[in-house]
Amino acid sequence: MRDTLISRAAWRAREVLGEFPGTAWLIGGEEAAASHTLRQGLLASLMIMVGSWGVGWLAMTPSSVLAVHPVLLPLRTTTAGVIICAVLLSLGAMLLVRSWLRLSQRVGGWHDGATPTIRRAVLLWGAPLLFTVPIFSRDVYSYLAQGRVLHAGLNPYESGVSELPGWFMEGADGLWAQSPSPYGPLFLLLAQFIWFLSGGIPEISVALFRLLSVLGIVLMLVAIPRLARAFGSQPAWALWLCVLNPLSLVVFLPAAHNDALMIGLMLLGMCCALRRRRLYAVLLLTAAVAVKPIAMTVLPFAVLLSLRGPTRISGQYGARVREWVFAGVLAAGLLVGAGLMLGVGLGWITAALGAGSAIAPVAPVGLLGTGLGLAAAVVWGQDADQTATWIFAGARLISAALLAWMLLRPRVGNPVLWAGVGLTVVVLSSTVIQPWYVLWILPLFAVVHVHRGRSLVLVSLLLTVMVLLSLVGQLSVAQWIDTAVVQGIAAGVAVVYLIYLLVFDPNTAELFDMRRPSQAWNAAAGWVGLQELSRSAALAPAADAVQGPADPQTPDRHEGPR
C-alpha cells in the first residue's frame, strides 16, 4: 500500500464502515472473502442501470414504451435529472472497474476453485445491465433497422437504413444512415427475425438482441475454460480478463453488440477443432464469419487445431492444405448459399472491407494515410484522397502477406496464439479501430498464457479508459440541456475516481506498479519474461483433447493486473 494521507484516510474509513452494521455487508470483510466485492460490483451495475435511464439512447418512435414514460421523463428532460444520471453512470462504471480489480485479489489465486466465483460475478454484475437503456453505443438500433431493410425486400449491402421511412426516430445513428451493412448474412437473418417478432417495438427488439449477446457470453463461459485447460493457462484468470472486464460487460449487455455472439461461436468452434470434430468446428467458425466477417481471419488458424501435435508443428503442408480445403469449400458453400437464399449475394465481403468508412480514419494507419495524402497534395499536387486510398490498400496487402507468412511457417506452433497475433495485425492495419476490437483479441492470448507485470497493467488501463471515454462521449442528452456541461461533469467525476484508484486506493494502487517486468505463465514452463516468450510460438502446444492438467502452482491472490 502506498503510504499517503489520502490512502491512510481511505483505509481508516474502510475499517470504520466495515464495522458499522449498515455498511458492513458492502465494505470490509476478510481479504480472502470475495462476497463483499461481489456485492460492490452488483451495486455498480445497479448504478449504471439507473444512470442509463436518464442518459441512455432511446428510440423516439410512437411504438416506444419508454420514450415518454412518466418515470423516465424527469430523468431525461430536467437538467438535475440528467446530471444525476450522468454522475451515477460514471461512478458506477468506475466502481465496476474497482470491483473487477479487487476480485482478482480476493479470489485467493487463479486455481480451479476460483472459476465458479468468476462465473457468479458475471451473473450478478451482468443481470442489472440487461435492464439498462442502451449505452456505450446505439448500434443495436442500426441492427434493427438493417433487419427492417431486409424485411422490406431491400439488400442491406446496397441500401442504407436512410431509405426507410421514419428511420431516424427508430434510434439508428445518422452517421451510418447511408452505409451498407458490415455484418454477415446470418446476423442479418437474425435481425430480420427480431424485427418481425418484435413488431417494431424498440424495447422488445433491444431485449431480443441482448438475448443473442447472452448466448454469446454463455458460449464463452463454456469454451474459454476448456481452451485454457488444454493449453496450460488458468480458466479463472482467462474468464476474469475476457468476460468479466467492464468493457466486455458494457459492450455485450447494455450496448447489445453482436461481438459477443461472434466471439462465442469462434471459441466454441476452436474447442470442437481441438477435439477433432471437424464438421462442427467449421460450422461454428463459419457461423461466426456469418455474424461478423472479421472472424474469417481466425478460421484458417483454428482449423489447424484438428491436426495432431507433430503433424501441425512440423512443416507437413499437405495436412494443412487438406484442412484448409475442407474448411474453405464448406464455409464458402454455406456463405454463398446463405447469400443467395437471402437475395443479398456476396455483398457482405465488400461491405466488410469498407466498414467504418463513414467516420474519420483516426487509427494509426488512417492518420498515416491522411497525413501522407495531404503532404503529397502540397508537394506534388496529387489528389489527397487517392494517395490515402493507396496507403490504406497497402496496409491491407501487408497484413494479408503477414497472415500468409504465419500460416505457411514451417512450425505453426499454437494456432490459437497465432490467430491472436494475426487478428492483432489486421486490427492495427485498419483505418478505424473501435474500442471493442480488443475484445476479439484478448481470449486468443488469455487461453494460452496468464500474464502479469507491465503488459497486464497496460491492458487493464486500456480497458478502463475505453469504458470511460465511450460512456462519457456517448451520453444522450436533450437538446435544451448543455451536453458539454453534462459530459464535463461526468468526465470530471470519472477522472478523479480513476486517479484515486491508480495512486491513492490502499488496495488497487499496488496493482498498477509499472516497475514489475512483463511475464507470462504456462503450466508447461511456469513464469517467463516476454522477451523469452517471443522467441517461441507458444510455451505449450495444443493438447490432443480438452483435458486440464493437474492444478499447478498459481500466482498468489495479489497477482491480478500486475
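Coordinates for the structure precede this section.
Quick notes on the rules
Residues numbered from 1 in each chain as written. Predicted model: local features only at pLDDT ≥ 70, side-chain atom pairs only at ≥ 80, totals over all residues. Heavy atoms only, no water. Pairing = 2+ DSSP bridges. Helix = DSSP H or I, 4+ residues; strand = E, 2+ residues; numbered from the N terminus. Buried < 20%, exposed > 50% of the residue type's maximum accessible area, 1.4 Å probe, protein only. Polar contact = N/O pair within 3.5 Å; in protein donor to acceptor, adjacent residues only side chain to side chain. Salt bridge = Lys/Arg side-chain N within 4 Å of Asp/Glu carboxyl O. Axes fitted to C-alpha atoms, helices over the stretch in contact; angles between N-to-C directions. Parallel < 35°, antiparallel > 145°, perpendicular 65-115°, else oblique. Left-handed = near helix turned anticlockwise from the far one by under 90°. Contact = heavy atoms within 4.5 Å. Core = buried A, V, L, I, M, F, W, Y, C linked by side-chain atoms within 4.5 Å.

*Asks:* Let's hear about the pairing of strand β3 (residues 526-529): which residues, and what values?
*Replies:* Looking at chain direction, strand β2 (residues 519-522) and β3 are connected through 4 bridges and run antiparallel. In the sheet register, Trp521 faces β3, and the bridge partner there is Trp527.

*Asks:* Give a detailed account of unusual backbone geometry, specifying residues and quantitative values.
*Replies:* Unusually for a residue other than glycine, Phe136 sits at a positive phi of about 75 degrees. Locating Phe136 in the fold gives a position in the loop between α5 (115-129) and α6 (139-151). Looking at Phe136, the relative accessible area reads 3%, which means it is buried. Phi at Ala256 takes a positive value of approximately 55 degrees, unusual for a residue other than glycine. Of the residues examined, Ala256 reaches a relative accessible area of 1% and is grouped as buried.

*Asks:* Just give me the short version of the side chain of Ser104, but keep the residues and values in it.
*Replies:* On the secondary structure map, Ser104 appears in helix α4 (residues 79-106). Of the residues examined, Ser104 reaches a relative accessible area of 1% and is grouped as buried. Within the local environment of Ser104, its side chain forms a polar contact with the backbone oxygen of Leu101, the two atoms lying 2.5 Å apart.

*Asks:* How would you summarise the pattern of salt bridges if you had to cite specific residues and measurements?
*Replies:* When the charged atoms of two side chains with opposite charge come close together, those side chains can pair. In total, this model carries 6 salt bridges according to the counting rule given. Among the salt bridges present, the one from Glu323 reaches Arg278, with a minimum N-O distance of 2.8 Å. Taken as a pair, Glu323 in helix α15 (residues 317-342) and Arg278 in helix α12 (residues 278-291) lie far apart in primary sequence, 45 residues in all. Accessibility expressed as a relative area gives 3% for Glu323, which makes it buried.

*Asks:* Give a description of the packing of helix α8 (residues 202-231) against helix α9 (residues 235-242) that names residues and reports values.
*Replies:* Interaxial distance between α8 and α9 falls to 8 Å at its minimum, and their mutual angle equals 135 degrees. By the angle class used here, α8 and α9 are oblique. Considering the relative orientation of α8 and α9, their crossing is right-handed. Listed contacts from α9 to Met220, Leu221, Ile224, Pro225, Ala228 and Arg229 of α8 are Pro235, Ala238, Leu239 and Cys242.

*Asks:* Would you mind going over the environment of Leu46 in detail, with residue names and values included?
*Replies:* Mapped onto the elements of the fold, Leu46 is located in helix α2 (residues 35-55). On the basis of relative accessible area, Leu46 is assigned to the partly exposed category, the value being 35%. Linking Leu46 and Gly126, residues 80 residues apart in sequence, is a C-alpha distance of 9.7 Å.

*Asks:* Explain the nonpolar core residue by residue, including any values.
*Replies:* Side chains that are nonpolar tend, in soluble globular proteins, to be buried together. Counting 151 residues, the largest nonpolar core has Phe209, Leu244 and Met270 as its most contacted members. When sequence neighbours within four positions are dropped, the list of residues in contact with Phe209 reads Val140, Tyr143, Leu144, Phe187, Ala191, Ile194 and Ala256.

*Asks:* Run through the sheet that holds β2, naming residues and quoting values.
*Replies:* On the basis of which strands lie adjacent, the open sheet formed by 3 strands has the order β1-β2-β3 and antiparallel pairing. The open sheet is flanked by β1 (450-452) and β3, the only strands paired with a single partner. Going from strand to strand, the sheet's axes swing by 25 degrees on average, the running direction of each strand aside. With 3 bridges connecting them, β1 and β2 associate as antiparallel partners. Following the sheet pairing, Arg452 is matched in β2 by Gln519.

Read these as geometric descriptors, not functional statements.
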